[in-house]
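Coordinate analysis (summary)
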Amino acid sequence: MDYDAGRLRIQELDAVRGFALCGILVVDIWRIADMAVTDGSGVVIPVRHVLSVTFEGRFFPIFSFLFGIGFALLLDDAAERSERPRLVLIRRLLALGVIGSVHQLFQPGEALLPYALAGLVILLPASALPNWVVLVAGLACTLGVALALGGGLALVPGLFLLGLATARGGIVDTLDERVWQIAAVFAIALPAAIAAGMWEFRTPYLELWSTPAAAVAGLLGALAYLTGLLLLLRIEPGQVLAEVLRPLGRMALTNYVGATALILLAAPRLGLHGSGDYAPVLGLAVAIIVVEAVVGAVWLRLFEYGPLEWVWRCVTWWTVVPIRRVRTPSRPY
């Protein structure tokens with residue numbers, strides 16, 4: 001979710017992480033509120049169907065992919081700062097597992113605990129393998145799961161490995177030099193995502209569990225969203241959007257857990273539990289995003305890390321990390 005860095009933060013990753021959080025939030029609202037999927041006749045509620053094809057399975061892969069990248073970046077830093085870098089990673093994953101275990105009580109099916117387990121079982125051993133092996137394993141695992149098991153949390157190991165291979169391959173550090181490559185991938189991914197989305201949309205709801213339609217559409221949608229955002233961040237309107245998304249991404253752990261609390265508070269008041277009325281869902285999502293973006297921007301003016309990120313970082317490095325933002329005095333000209 002987040003990564004420690006003796007190096008400078010890669011701001012694009014913060015923006016992309018914040019973007020992924022926004023999409024995940026929409027899905028989390030109807031899951032936490034246990035909203036109805038079908039009407040009384042067993043037909044999928046049209047608005048839910050549209051929202052599913054737009055959001056569900058599209059943002060979670062991005063978030064998982066970024067976790068693998070963050071793991072690789074942190075491992076590099078740990079190798080420079082510690083004599084036992086893998087112990088640093090073990091502490092970090094165990095701490096995430098504890099946070100996830102508590103979070104599971106309020107949002108069953110949340111991602112933190114599975115992330116921690118997959119990190120310990122998959123990422124740690126994989127970090128000792130040649131990068132080409134990690135890449136091939138990531139592709140095989142991701143595609144195999146999508147085609148055979150239908151996606152969901154089962155996609156996490158493969159996406160983690162792809163993120164690890166991407167970071168170790170130096171791609172993250174050279175994004176500015178890869179605009180045309182990103183544009184080429186987007187040009188292929190967008191029509192493929194639209195076609196796969198139509199396939200998912202036209203597949204009867206009860207048959208989605210027995211076909212790879214949702215998983216394939218989700219992965220292609222995630223790729224289109226990711227590359228499209230990376231291109232957007234390179235023009236002026238995208239830079240304005242990045243200013244909103246970066247605080248969300250820098251405090252991803254705090255915002256992910258905090259959003260659950262806000263949903264649990266708001267859902268009963270909006271009558272969402274068991275409801276088939278999806279009109280308030282996007283409104284609630286926007287309200288939570290605005291609150292977290294504003295609070296995050298103010299918080300990060302005073303502190304280096306979000307509150308949960310700070311606790312997580314202290315456990316990771318097994319020391320009390322300074323949290324107050326140190327302002328460097330401006331030089332006279």
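Residue positions are counted from 1 within each chain, in the order its sequence is given. A pLDDT threshold of at least 70 governs which residues receive local features in this predicted model, and a stricter bar of 80 or more applies before side-chain atom pairs are shown or counted, although totals over entire chains, interfaces and linings include all residues. Note that the side-chain values use all heavy atoms of the structure and ignore hydrogens as well as water.

**Topic: the overall build of the protein**
In this description a helix means any DSSP run of H or I spanning at least four residues, a strand means any run of E spanning at least two, and both kinds are numbered starting from the N terminus. From N to C terminus, the protein includes 13 helices and 0 strands. From first element to last, N terminus to C terminus, the protein shows the α and β order α-α-α-α-α-α-α-α-α-α-α-α-α. In this treatment the radius of gyration is a C-alpha quantity, and the globule benchmark scales as 2.2 Å times the residue count to the 0.38 power. The C-alpha atoms of the protein give a radius of gyration of 20 Å, which matches the 20 Å a tight globule of 333 residues would have. Dimensions along the principal axes, computed over C-alpha positions, put the protein at roughly 65 × 45 × 40 Å.

**Some words on the packing of aromatic side chains**
Aromatic rings from Phe, Tyr and Trp, with only the six-membered ring used for Trp, were paired whenever their centres fell within 6.5 Å, and each pair was classed as stacked if the ring planes differed by under 30 degrees, edge-to-face if by over 60, and tilted otherwise. Here the structure, examined in full by the defined rule, presents 12 aromatic pairs. Centre to centre, the rings of Phe-55 and Phe-59 are 5.9 Å apart; their planes meet at 25 degrees, and the pair counts as stacked. Where Phe-63 meets Tyr-115, the ring centres are 6.5 Å apart and the plane angle is 35 degrees; that geometry is what we call tilted. With a gap of 52 residues between them, Phe-63 in helix α3 (residues 60-81) and Tyr-115 in helix α5 (residues 112-126) connect regions that are remote in the sequence. The buried label goes to any residue with under 20% of its type's maximum accessible area, the exposed label to any with over 50%, and the partly exposed label to all in between, with areas taken from a 1.4 Å probe on protein chains only. Taking the relative accessible area as the measure of exposure, Phe-63 reaches 4% and is therefore buried. Put simply, the rings of Phe-60, Phe-63, Phe-67, Tyr-115, Phe-160 and Tyr-256 pair up and form one aromatic cluster. Note on criteria: charge over ring means Lys NZ or Arg CZ within 6 Å of the ring centre, with the direction from the centre no more than 35 degrees off the ring normal. One residue, Arg-81, lies across the ring of Trp-317, its end atom 3.9 Å from the ring centre. Against the face of Trp-312 rests Arg-92, its NZ or CZ located 3.7 Å from the ring centre.

**Some details on the confidence of the model for the protein**
Within the protein, residue pLDDT values average 92, and 95% of them lie at 70 or more. In predicted models, pLDDT denotes the confidence assigned by the predictor to each residue on a 0 to 100 scale. Any pair of residues with heavy atoms lying within 4.5 Å of one another is described as a contacting pair. Predicted confidence for residues 3-8 stays below pLDDT 50, and this span has 23 contacts to residues more than four positions away or in other chains. Here residues 329-333 scores under 50 on pLDDT; set against residues more than four positions off or in separate chains, the count is 0 contacts.

**A word on the packing of helix α1 (residues 11-32) against α3**
The N-to-C vectors of α1 and α3 enclose an angle of 145 degrees; their axes lie 9 Å apart at closest approach. Crossing angle aside, the handedness with which α1 passes α3 is left-handed. Residue-level contacts link Leu-13, Val-16, Arg-17, Phe-19, Ala-20, Leu-21 and Ile-24 of α1 to Phe-60, Ile-62, Phe-63, Leu-66, Ile-69 and Leu-73 of α3. Of the residues in the contact of α1 with α3, the class split is 12 nonpolar, no polar and 1 charged. Axes here refer to lines fitted to C-alpha atoms; in helices the fit is confined to the stretch in contact. Angles between the N-to-C directions go from 0 to 180 degrees. The hand of a helix crossing depends on one turn: near helix anticlockwise from the far one by less than a right angle means left-handed, and clockwise means right-handed. Side-chain classes follow a simple rule in which Ala, Val, Leu, Ile, Met, Phe, Trp, Tyr, Cys and Pro form the nonpolar group, Asp, Glu, Lys and Arg form the charged group, and the remainder, Gly included, forms the polar group.

**Quick look at the nonpolar core**
One recurring pattern in soluble globular proteins: nonpolar side chains tend to sit buried together. Put simply, a nonpolar core is a bunch of buried Ala, Val, Leu, Ile, Met, Phe, Trp, Tyr and Cys residues held in one set by side-chain atoms that sit within 4.5 Å of each other. Counting 90 residues, the largest nonpolar core has Leu-25, Ile-29, Ile-62, Ile-69, Leu-96 and Tyr-115 as the members making the most contacts within it. Element by element, the count of residues in this core is highest for α1, at 14 residues. Residue contacts for Leu-96: discarding those within four places in its chain leaves Phe-67, Leu-112, Tyr-115, Ala-116, Leu-253 and Trp-312. Membership of the second largest hydrophobic core comes to 5 residues, among which are Phe-303, Tyr-305, Val-321 and Ile-323.

**Focus on α1**
Since the α-helix turns once every 3.6 residues, residues separated by three or four places project in the same direction. Here a helix's expected span is defined as the number of its residues, less one, multiplied by 1.5 Å. Over its 22 residues, α1 runs 31 Å from end to end, which matches the ideal 32 Å to within 8%, given 1.5 Å per residue. Summarising burial for α1: 20 of the 22 residues are buried, a large majority. Just beyond α1, the residue with positive phi is Asp-34, at close to 50 degrees.

**Here's the deal with unusual backbone geometry**
In this structure, Asp-34 is a non-glycine residue whose phi angle is positive, near 50 degrees. Take Asp-34: it is sitting in the loop between α1 and α2 (46-55).

**A short note on the packing of α3 against helix α9 (residues 213-232)**
Packing of α3 against α9 leaves a shortest axis separation of 8 Å and a crossing angle of 70 degrees. Between α3 and α9, the angle is such that the two are roughly perpendicular. Contacts between α3 and α9 pair Pro-61, Ile-62 and Phe-65 from the former with Leu-219, Ala-222, Tyr-225 and Leu-226 from the latter. To sort the angles, those under 35 degrees are grouped as roughly parallel, those over 145 as roughly antiparallel, those from 65 to 115 as roughly perpendicular, and the leftovers as oblique.

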